[in-house]
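# Structural overview for review
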Amino acid sequence: MIEYRNVRVALLGGGTVGAQVARLLLEHKEEFASRVGASLELTGIAVRNLDAARSADLPKELFTTDAESLILGADIVIEVMGGLEPARSYILQAINSGADVVTANKALLATHGTELFEAAERVGAQLYFEAAVAGAIPIIRPLRESLAGDRVKRIMGIVNGTTNYILDKMDTEGASFDDALAVATELGYAEADPTADVDAFDAAQKASILASLAFHTTIPLESVHREGIREISGKTVELAKKAGYVVKLLAVCERLTDPTTGEEGVSARVYPALISREHPLAAVHKANNAVFVEAEAAGSLMFYGAGAGGPETASAVLGDLVSAARRHVIGGPGLGASTHANLPVLPISAITTRYHVTLSVFDRPGVLASVAEEFAKHGVSVELVEQGTFGSEAVSGEAAPTATLVIGTHAALESDLAATVSALAQLDAVSSVVSVLRVEGA
Ligand code: NAP
Ligand code: HSE
């Protein structure tokens, strides 16, 4: 029998993810020991409520409310509590007491990442965070290590399981937004406060992490353009479906040329967009995530899998734990944060993409011409026009016939499109601008 040395692992959080990390760590203790060359000893699980029900049958004596003492005796600290505080202070305490840290906390990394990485660098500690983006999918390590010798041009992905679950249920079953959100919450995909998912804060945090890694530039959360899915109605999903599209919440990170200076910059944004039903991202159902990476030499790569869930996320956490434990046993410098490129982050007005503008217009002669004229005036080229459902609207007490007009554009600059839409909203012929959706993917 091999005598292994002990690596002491403290677990902060025993919820959806934490309970599964503990279960798998205890169930596969022997295997972890042979993989790492050391025995991973789970020294405790810090929680708030010792009596709360857990999703796994774990020894009661492991639970504690004293996170600080647990951290003090640890070689590796796993933080799966979530939130900014006390998670930030605990991670700093762990780093300063010489431990490496594994975290799944994208909110914390997107908000205080620079501070945490600098603290780690100062003392030669490592911060691992594979589980912070896209759950079980290995995407951090590929960006940080496998593609370190390449130049990433663009990342486009579905990185929030909850919103994908909601939009997918609306698309495939005609479910209501509220019903779909309730099921996603029950299944443990949603954040403690699901507005983080629905209003795309979660996806924006992940976009900030991905873009920072891909472009070797600090991309602060505030500079990630963010639009959530609250405005996406059943009608929008239905119209998209009829036109051969599906609505997905996308995170897009890309290198682009600043239209005003001609200099290279980067963009990170999150919004609901139309994707052709033929596009591989259209086939990402339920709470799954997928991330497309386009790199100069590697070409197009796609990463697909479970983006949320207890055991799925625990898989990514445990992968990091194995790396951290090996480093603890064998030594080695590990990887630092790379922000040397320091590219400017461009505003949403600088991006170029295609659009679908849906208008409710009064159904009378000359309307189409006046609408088309606004697109032409602002330099936005129209690709298709479709007249959809008819209705009527009361104008000065009289019922006026209306029609839904969908205008698809060729690639256009966001600032030109925004100016077009403002002008359209002022036209007498236009009753209302129903929606403006970007079209992504070839
Ligand atoms: P969760 O179910 O809410 O669990 C949080 C755990 O942390 C609970 O055990 C809670 O204790 C404990 N905790 C919270 N505040 C604490 C405090 N101040 N002191 C001590 N313990 C505290 O959260 P989760 O879904 O597992 O998510 C954990 C992290 O993983 C988050 O950063 C999340 O964004 C990330 N993540 C989650 C998923 C997912 O699918 N759920 C996927 C990827 C990443 P009690 O149990 O006593 O309340
Ligand atoms: N709430 C997140 C999601 C969990 O739905 O994707 C995974 O980060």
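All of the points below concern the structure found in this document. (Residues numbered from 1 in each chain as written. Chains lettered and ligands numbered in written order. Predicted model: local features only at pLDDT ≥ 70, side-chain atom pairs only at ≥ 80, totals over all residues. Heavy atoms only, no water.)

### A closer look at the overall build of the chain
The secondary structure content of the chain amounts to 14 helices and 17 strands. For 442 residues, the compact-globule estimate of 2.2 N^0.38 gives 22 Å, and the C-alpha radius of gyration of the chain, at 25 Å, lies within 12% of that figure. Referenced to the eigenvectors of the C-alpha coordinate spread, the extents of the chain come out at roughly 85 × 50 × 35 Å. Out of the 442 residues belonging to the chain, those deemed buried represent 53%. Across the chain, every contact between residues at least 6 apart in sequence was considered, and the portion connecting residues at least 24 apart equals 74%. When the accessible area of the chain is evaluated, it comes to approximately 19000 Å², of which 51% is carbon and sulfur surface. With 34 positive and 55 negative side-chain charges, the chain shows a spacing of 3 Å between the two charge centroids. (Helix = DSSP H or I, 4+ residues; strand = E, 2+ residues; numbered from the N terminus. Rg over C-alpha atoms; globule rule 2.2 N^0.38 Å. Buried < 20%, exposed > 50% of the residue type's maximum accessible area, 1.4 Å probe, protein only. Contact = heavy atoms within 4.5 Å. Areas by Shrake-Rupley, 256 points an atom, 1.4 Å probe, with all protein chains shown as cover. Lys, Arg positive; Asp, Glu negative; His and termini not counted. Charge placed at Lys NZ, Arg CZ, Asp CG, Glu CD.)

### Quick look at the site of ligand 1
Close to ligand 1 lie 23 residues, the nearest being G14, V17, N49, R54 and G309. Interatomic distance of 3.0 Å between a backbone N/O atom of G15 and an oxygen atom of ligand 1. Here an oxygen atom of ligand 1 sits 2.7 Å away from a polar atom, N or O, in the main chain of G309. Isolated, ligand 1 exposes 900 Å² of accessible area, and the fraction of that covered by the protein chains is 84%. Considering only residue class, the shell around ligand 1 consists of 9 nonpolar, 10 polar and 4 charged. (Near = heavy atom within 4 Å. Polar contact = N/O pair within 3.5 Å; in protein donor to acceptor, adjacent residues only side chain to side chain. Nonpolar A, V, L, I, M, F, W, Y, C, P; charged D, E, K, R; others polar.)

### Quick look at the sheet that holds strand β2 (residues 39-46)
Taken together, the 6 strands give an open sheet; going across it, the order is β3-β2-β1-β4-β5-β6, and neighbouring strands pair in parallel fashion. Unpaired on one side and paired on the other, β3 (63-64) and β6 (127-128) mark the two borders of the sheet. Here strand β5 (residues 100-103) runs beside β6; their pairing, made up of 2 bridges, is parallel. Paired with V102 across the two strands is Y128, which belongs to β6. (Pairing = 2+ DSSP bridges.)

### A word on the pairing of strand β10 (residues 264-276)
The buried fraction of β10 amounts to 12 of the 13 residues, a majority that puts the element mostly inside the structure. Relative to β10, strand β8 (residues 225-226) runs parallel, the two being bridged by 2 bridges. Its bridge partner lying in β10, R226 is registered against V270. Here strand β9 (residues 245-257) runs beside β10; their pairing, made up of 13 bridges, is antiparallel.

### Structural notes on helix α2 (residues 29-36)
Three- or four-residue spacings in an α-helix give side chains the same orientation, since the helix completes a turn every 3.6 residues. Those residues of α2 lying buried are F32, A33 and V36. Taken around the axis of α2, the buried residues stretch over an arc of 100 degrees, which confines them to a single face. Exposed and facing more than 90 degrees away from the buried side of α2 are E30 and S34. Against α1 (16-27), β2 and α12 (310-330) lie the buried residues of α2. (Arc of directions from axis to C-beta.)

### A closer look at the layout of surface pockets
Here the second largest pocket is characterised by a volume of approximately 600 Å³. Along its surface, the second largest pocket is lined by 29 residues, and F117, S212, T218, A337 and T339 are the ones closest to its centre. Of all the elements in the fold, those that place two or more residues in the lining of the second largest pocket are α5 (106-123), α6 (140-146) and α10 (201-215). Ranked by residue count, the leading element in the lining of the second largest pocket is α5, at 9 residues. Taken together, the residues that form the lining of the second largest pocket break down as 13 nonpolar, 12 polar and 4 charged. (1 Å grid on protein atoms, 1.4 Å probe; cavity = no way out; pocket = protein on both sides within 12 Å on 5 of 7 lines; lining within 4 Å. Points joined across faces, edges and corners; volume = space filled by probe spheres on them.)

### Remarks on the side chain of S435
The topology assignment puts S435 in strand β17 (residues 430-440). Using a relative accessible area of 15% as the deciding quantity, one classes S435 as buried. Contact partners of S435, with chain neighbours within four places excluded, come to H356, V357 and T358.

### Remarks on helix α14 (residues 414-426)
Taking 1.5 Å as the rise per residue, α14 with 13 residues should run 18 Å; its terminal C-alpha atoms sit 19 Å apart, in good agreement. The set of residues buried in α14 consists of E414, L417, T420, V421, A423 and L424. (Expected span 1.5 Å × (residues − 1).)

### Section: the side chain of K106
Residue placement: K106 occurs in helix α5. A relative accessible area of 12% means that K106 is categorised as buried. Residues in contact with K106, not counting those within four places in the same chain, are A132, E191, D202, Q205, K206 and I209.

### Some thoughts on the packing of helix α7 (residues 161-173) against helix α11 (residues 234-242)
For the pair α7 and α11, interaxial distance at closest approach is 10 Å and the crossing angle is 65 degrees. Every pair of crossing elements has a handedness; the one defined by α7 and α11 is right-handed. Together, M170, D171 and T172 of α7 and G234, V237 and K241 of α11 make up the contact between the two elements. When its residues are assigned to classes, the contact of α7 with α11 shows 2 nonpolar, 2 polar and 2 charged. (Axes fitted to C-alpha atoms, helices over the stretch in contact; angles between N-to-C directions. Left-handed = near helix turned anticlockwise from the far one by under 90°.)

### Section: the environment of A52
Tracing the sequence through the fold places A52 in the loop between β2 and β3. Using a relative accessible area of 26% as the deciding quantity, one classes A52 as partly exposed. Once the C-alpha coordinates of A52 and R154 are considered, the two residues, 102 residues apart in sequence, prove to be 43 Å apart.

### Remarks on the site of ligand 2
Around ligand 2, the neighbouring residues are K106, N160, G161, T162, Y189, A190, E191, D197, D202, K206, G307 and A308. Between ligand 2 and G161, the relevant distance is 2.7 Å, taken from an oxygen atom to a main-chain nitrogen or oxygen of the residue. One nitrogen or oxygen atom from the side chain of T162 is found 2.6 Å from an oxygen atom belonging to ligand 2. Alone, ligand 2 offers 250 Å² of accessible surface; in the complex the protein occludes 93% of this. Mapped onto the shell around ligand 2, the elements with two or more residues apiece are α7 and α10. The residue inventory of the shell around ligand 2, partitioned by class, reads 3 nonpolar, 4 polar and 5 charged.

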